Amino acid sequence: MRAIISLFLISVLAWGIATALNEIPFGAAKTKVGEYYIGRGKEQTGASNIVTSVVVNYRGFDTLGEVTVLFVAAIGLGAVLATRRKKEKRDVEPASLVLYTGCRLLFPLILLFGAYIFIHGHLTPGGGFQGGAVVASAFVLVYLGCRGRRISETASKTVESLGGLVFIVVGLVGLAVGGGYFLSNYLPKGELNSLFSAGIIPIIYIAIGFKVGSELAGVIDHLVEESE
Amino acid sequence: MNHILPLFIAFPLGAAFLMLILAKLWRRIGGLFAFLISLCLVIFSISNIGKEPSIYRMGNWPPPWGIVLVSDGLSTLLLLTISVIAFLVIIFSLQYMDRYTAKPKYYALFMLLVGGMNGVVLTGDFFNLFVFLEIASIASYALVAFGCEHEELEASFKYLILSGVASTFILLGIAILYSLTGTLNMADVARTIGTKGVNSAVLFCTSLFIMGFGLKAALVPFHPWLPDAHPAAPAPISAMLSGVLIKALGVYALIRLIFNVFGLSSFISSVLMVLGGLSMVVAGLLAIGQDDLKRMLAYSSISQIGYVVVGLALGTPLGIVGGLFHLMNHATFKALLFLSSGAIEYSTDTRKLSLMGGLSQRMPVTTTSATVGFLSISGVPPLNGFWSKLIIVIALVQAGHYILASVAVLVSFLTILYFMKVQRNLFFGDLPAKLAKIKEVPSLMRIALVVLAIMCLAMGLLYPLLSSTVLNPARDVLLKGTAYVQTVFGL
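Residues numbered from 1 in each chain as written. Chains lettered and ligands numbered in written order. Predicted model: local features only at pLDDT ≥ 70, side-chain atom pairs only at ≥ 80, totals over all residues. Heavy atoms only, no water.

1. Describing the overall build of chain B
Secondary structure assignment for chain B yields 20 helices and two strands. At 21 Å, chain B has a C-alpha radius of gyration in line with the 23 Å of a compact globule built from 491 residues. Reported as C-alpha extents along the three principal axes, the dimensions of chain B are approximately 70 × 60 × 40 Å. Here chain B holds 491 residues, and the buried ones make up 67% of them. Within chain B, counting contacts between residues at least 6 apart in sequence, those at least 24 apart form 81% of the total. Approximately 15,400 Å² of chain B is accessible, and the part contributed by carbon and sulfur atoms is 69%. (Helix = DSSP H or I, 4+ residues; strand = E, 2+ residues; numbered from the N terminus. Rg over C-alpha atoms; globule rule 2.2 N^0.38 Å. Buried < 20%, exposed > 50% of the residue type's maximum accessible area, 1.4 Å probe, protein only. Contact = heavy atoms within 4.5 Å. Areas by Shrake-Rupley, 256 points an atom, 1.4 Å probe, with all protein chains shown as cover.)

2. Overview of the overall build of chain A
Of regular secondary structure, chain A possesses eight helices and zero strands. N-terminal to C-terminal, the α/β element order of chain A is α-α-α-α-α-α-α-α. In terms of C-alpha radius of gyration, chain A reaches 22 Å, well past the compact-globule figure of 17 Å for 228 residues. On the principal axes, the C-alpha backbone points of chain A span a range of 60 × 60 × 35 Å. Residue burial in chain A is summarised as follows: out of 228 residues, 44% are buried. Across chain A, contacts joining residues at least 24 apart in sequence account for 68% of those joining residues at least 6 apart. Here chain A has roughly 11,700 Å² of accessible surface; of this, 69% comes from carbon and sulfur atoms.

3. Section: the interface of chain B and chain A
On the side of chain A, 52 residues touch chain B, which itself brings 60 residues to the contact. Where chain B abuts chain A, roughly 4,800 Å² becomes buried across the two surfaces, and 76% of that area is made up of carbon and sulfur atoms. Three residues, Phe17, Trp61 and Trp65 of chain B, lead the burial of chain B against chain A; their summed loss comes to 18% of the area buried on that side. Linking chain B to chain A there are two salt bridges. Linking Asp125 of chain B and Arg59 of chain A is a salt bridge whose minimum nitrogen-to-oxygen distance equals 2.6 Å. (Buried area = accessible area lost by both parts, 1.4 Å probe. Salt bridge = Lys/Arg side-chain N within 4 Å of Asp/Glu carboxyl O.)

4. Section: the side chain of Asp292 of chain B
Here Asp292 of chain B shows up in the loop between helix H11 (266–288) and helix H12 (293–314). At a separation of 3.0 Å, a polar atom in the side chain of Asp292 of chain B contacts the main-chain amide nitrogen of Lys294 of chain B. (Polar contact = N/O pair within 3.5 Å; in protein donor to acceptor, adjacent residues only side chain to side chain.)

5. A closer look at the pattern of salt bridges
If charged atoms from side chains of opposite charge come close, those side chains can pair. Taken as a whole and assessed by the stated rule, the structure comprises 12 salt bridges over all chains. A salt bridge links Asp62 of chain A to Arg59 of chain A; its shortest N-O distance comes to 2.7 Å. Exposure remark for Asp62 of chain A: the relative accessible area of 3% places this residue in the buried category. For Asp72 of chain B, the salt bridge goes to Arg256 of chain B, with nearest N and O atoms at 2.9 Å. Taken as a pair, Asp72 of chain B in the loop between strand E2 (68–71) and helix H3 (73–96) and Arg256 of chain B in helix H10 (residues 235–262) lie far apart in primary sequence, 184 residues in all. For Arg256 of chain B, a relative accessible area of 2% corresponds to the buried category. Through salt bridges with shared partners, one network takes in Lys32 of chain A together with Asp188 and Arg191 of chain B.

6. Topic: the packing of aromatic side chains
Residue and element names in this part refer to chain B. All told, the structure shown has 32 aromatic pairs over all chains when counted by the stated rule. Measuring from centroid to centroid gives 5.7 Å for Phe11 and Phe44, while their planes differ by 55°, and the two rings are tilted. With a gap of 33 residues between them, Phe11 in helix H1 (residues 5–22) and Phe44 in helix H2 (residues 29–47) connect regions that are remote in the sequence. Judged by its relative accessible area of 15%, Phe44 is buried. Just above the ring of Tyr346 sits the side chain of Arg99; from NZ or CZ to the centre is 3.9 Å. The side chain of Arg191 reaches across the aromatic face of Phe489, ending 4.1 Å from its centre. (Phe/Tyr/Trp six-rings, centres within 6.5 Å; stacked < 30°, edge-to-face > 60°. Lys NZ or Arg CZ within 6 Å of the ring centre and 35° of its normal.)

7. Section: the packing of H2 of chain B against H3 of chain B
Residues and elements named next belong to chain B. With their axes 9 Å apart at the nearest point, H2 and H3 run at an angle of 155° to one another. Classified by the angle their axes make, H2 and H3 are roughly antiparallel. As H2 runs across H3, the sense of the crossing is left-handed. Along its contact with H2, which presents Gly31, Ala34, Phe35, Ser38, Leu39, Leu41, Val42, Ser45 and Ile46, the element H3 presents Leu79, Leu80, Ser83, Val84, Phe87, Ile90, Ile91 and Leu94. (Axes fitted to C-alpha atoms, helices over the stretch in contact; angles between N-to-C directions. Parallel < 35°, antiparallel > 145°, perpendicular 65-115°, else oblique. Left-handed = near helix turned anticlockwise from the far one by under 90°.)

8. Considerations on the confidence of the model for chain B
Residues and elements named next belong to chain B. Per-residue confidence for chain B gives a mean pLDDT of 91, with 100% of residues at or over 70. When mean pLDDT is taken per element in chain B, helix H5 (residues 126–144) scores highest with 95 and helix H14 (residues 359–362) scores lowest with 84. With a pTM of 0.93, the predicted complex shows an ipTM of 0.90. (pLDDT = per-residue confidence, 0-100.)

9. A few points about a nonpolar patch on the surface
Residues Met1, Ile4, Ile5, Phe8, Leu9 and Val12 of chain A make up a contiguous nonpolar surface patch of roughly 670 Å² in combined accessible area. Mapping Met1 of chain A onto the fold places it in the segment before helix H1 (2–23). (Patch = residues over 30% accessible without salt bridge, like charges linked within 9 Å, V, L, I, M, F, W, Y side chains within 5 Å.)

10. Quick notes on the nonpolar core
Within the largest apolar cluster, 234 residues are counted, with the highest numbers of intra-cluster contacts made by Phe61 of chain A together with Phe110, Met117, Phe126, Phe209, Met240 and Leu426 of chain B. A total of 20 residues in this core trace back to one element, the largest contributor, which is H10 of chain B. The contacts of Met240 of chain B, once residues within four sequence positions are left out, are Ile85, Ala86, Val89, Phe110, Leu113, Val114, Met117 and Leu245 of chain B. Among the nonpolar cores identified, the runner-up in size contains seven residues, and Val33, Val54 and Tyr58 of chain A together with Trp61 of chain B belong to it. (Core = buried A, V, L, I, M, F, W, Y, C linked by side-chain atoms within 4.5 Å.)

11. Re helix H2 (residues 32–45) of chain A
Relative to the 20 Å expected for 14 residues at 1.5 Å per residue, H2 of chain A spans 18 Å between its end C-alpha atoms, a close match to the ideal helical length. Burial in H2 of chain A covers these residues: Val33, Gly34, Tyr36, Tyr37, Gly41 and Thr45 of chain A. (Expected span 1.5 Å × (residues − 1).)

12. Remarks on the packing of helix H4 (residues 103–122) of chain B against H10 of chain B
Residues and elements named next belong to chain B. At a closest axis distance of 9 Å, the pairing of H4 and H10 adopts a crossing angle of 20°. As far as their axial angle goes, H10 and H4 are roughly parallel. Crossing geometry of H4 relative to H10 is assigned as left-handed. Contacts from Tyr106, Phe110, Leu113, Val114, Met117, Val120 and Val121 of H4 reach H10 at Pro236, Ile237, Met240, Val244, Leu245, Ala248, Leu249 and Tyr252. Residues of the contact of H4 with H10, tallied by class, amount to 15 nonpolar, no polar and no charged. (Nonpolar A, V, L, I, M, F, W, Y, C, P; charged D, E, K, R; others polar.)

13. Section: helix H18 (residues 443–461) of chain B
Residues and elements named next belong to chain B. Over its 19 residues, H18 runs 27 Å from end to end, which matches the ideal 27 Å to within 8%, given 1.5 Å per residue. Along H18, the residues that are buried comprise Met445, Ala448, Leu449, Leu452, Ala453, Met455, Cys456, Met459 and Gly460. Along the axis of H18, the buried residues cluster in a sector spanning 150°; they form a single face. Counted as exposed and oriented over 90 degrees from the buried face of H18: Ile454 and Leu461. The secondary structure elements touched by the buried residues of H18 are H3, helix H13 (317–348), helix H15 (364–378), helix H16 (384–398) and helix H19 (463–480). (Arc of directions from axis to C-beta.)

So, in structure tokens, the structure goes:
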């Protein structure tokens, strides 16, 4: 009986989705806002990466929200797992020499690559979220290769909160100097395609890079502790 | 241009970020910070009353290229409700949460919950709505699980899964609307739908939104998560979830989209009225059998949300006023009742009605304020719950919905019935020997209870003032329907 009801509900949903997809003009010209961003993005925001100009500038407020979603999830996880700590540490089998050495060699390189991605977010593909994820992957490697090493929770939490705070403060400064608009781009846009261009965009992306990197590393840290 | 608007969101979010750094230096800073920020939000939202509708362009990008915040009568009403309840709940939390660990995290999550709700209420953009919806939802999952006991974790997991399904429906609806109209700005979507006409894809989106936001509002048959999730949370959080979260995320978002973006058709109106009517009756009947005080209050929340939705979906001026007024009233008395249940649990360490009795001898303040709450939710004059239920019933009769009107009256009697039972079990009779040494709760908790009880009385007596300043502007926003487009683009 349950299977029949579920099947019925799913087929109603599938029928609805099919009807809706039928109405959508696929392959037609780009969407209205998409067209606008592609046409004017470079000139209006000073970022040569159009995706970045949308993510951090036109819809920067969404990005503030997304950064916060990740932050909520991280402290939520911390609050739920916090009581489960304080178990005696079990001895873990050390990783093989090859893995250990490889991790130690790769760790700084991966960090550098992550930083490169988020610092150049307004110029090349990628940005704060992607760079932050790369940075966090360096820490995953440490957990795999150098077992027993832990990141400092205080440091990661502080970097995380500071990253979010920089985003909000950069936005709030816009209220005072940017003609009274939250998150308006009040810094000089500079020369297109150079590192120091696009006003507040690189500052925000660097803050996001630090924040996402430390946040994901912190989440991995919590989960590693939980599984041990 | 209203420069306060971004602060409604930036303040709580910024406070949450800052709080966790400063808490390393001084552990009690969380409570102090949350108190100050929520006080600021109360002042902002009061100063926002009576202002002309306005929009705020984020980053100075005009709509539809950038994100806009829209402040009109309806969002003003919700902002006021959210900030006043949040402020009183924070005052209650200052002493209640002493028994929990990880207080800075509690206050940070609380601020994020408030920031998320303010964002949902203010935004004029579909995707932005979704982002803030997720902030508030994820903060509430964590807060429901805050006690970290088996029961709390299970309730939170159930809530997370069902609410995640709702979010998926909402996101799917937004994706389809975006590909249909090529824009995410709500007013622009409304304009495009207005010129192109409603097709089957738009109807499908509407039904996805009714399912998604209906689940967030816990309308029957989308309700099963609520009776687990709301009782499992710490009492101040139950007050926030039942008092404002289901309204801001569920009812507000739903009526904003149905009235102002899609336009209320008679079909949608009857679907919503059926859902509302079902919620009133089913949850009202389920509430009677409960022995757990908080679980009973949770069922009664679903039942009362039914009244709100029926009133609003009726679509007549009187019905809308009744629905909105009941929304504010329910926020007040349900927050009061959940906080009272927290006060009782704080003193007696139990929530089982069968284990209690005679509390009026030992806890006079809690007894008095909770009684005001019980009378108000049961609709006894001259308390606020009476007036809003009366308005809804009159509106139903005027519109010719005699069956629904009599159902509304009957459910009201049902409410009196089960709250009489609670009243007798809790406060009258003999004090069990185990509870002979209980004490009244500390002062700040008493203050929060008394203020809420006074509000229940004042909102009933000062209805004319409330209706001219807050309710009527909100009603006009909904009555004007898709004229919302002119509000956003005409400014």
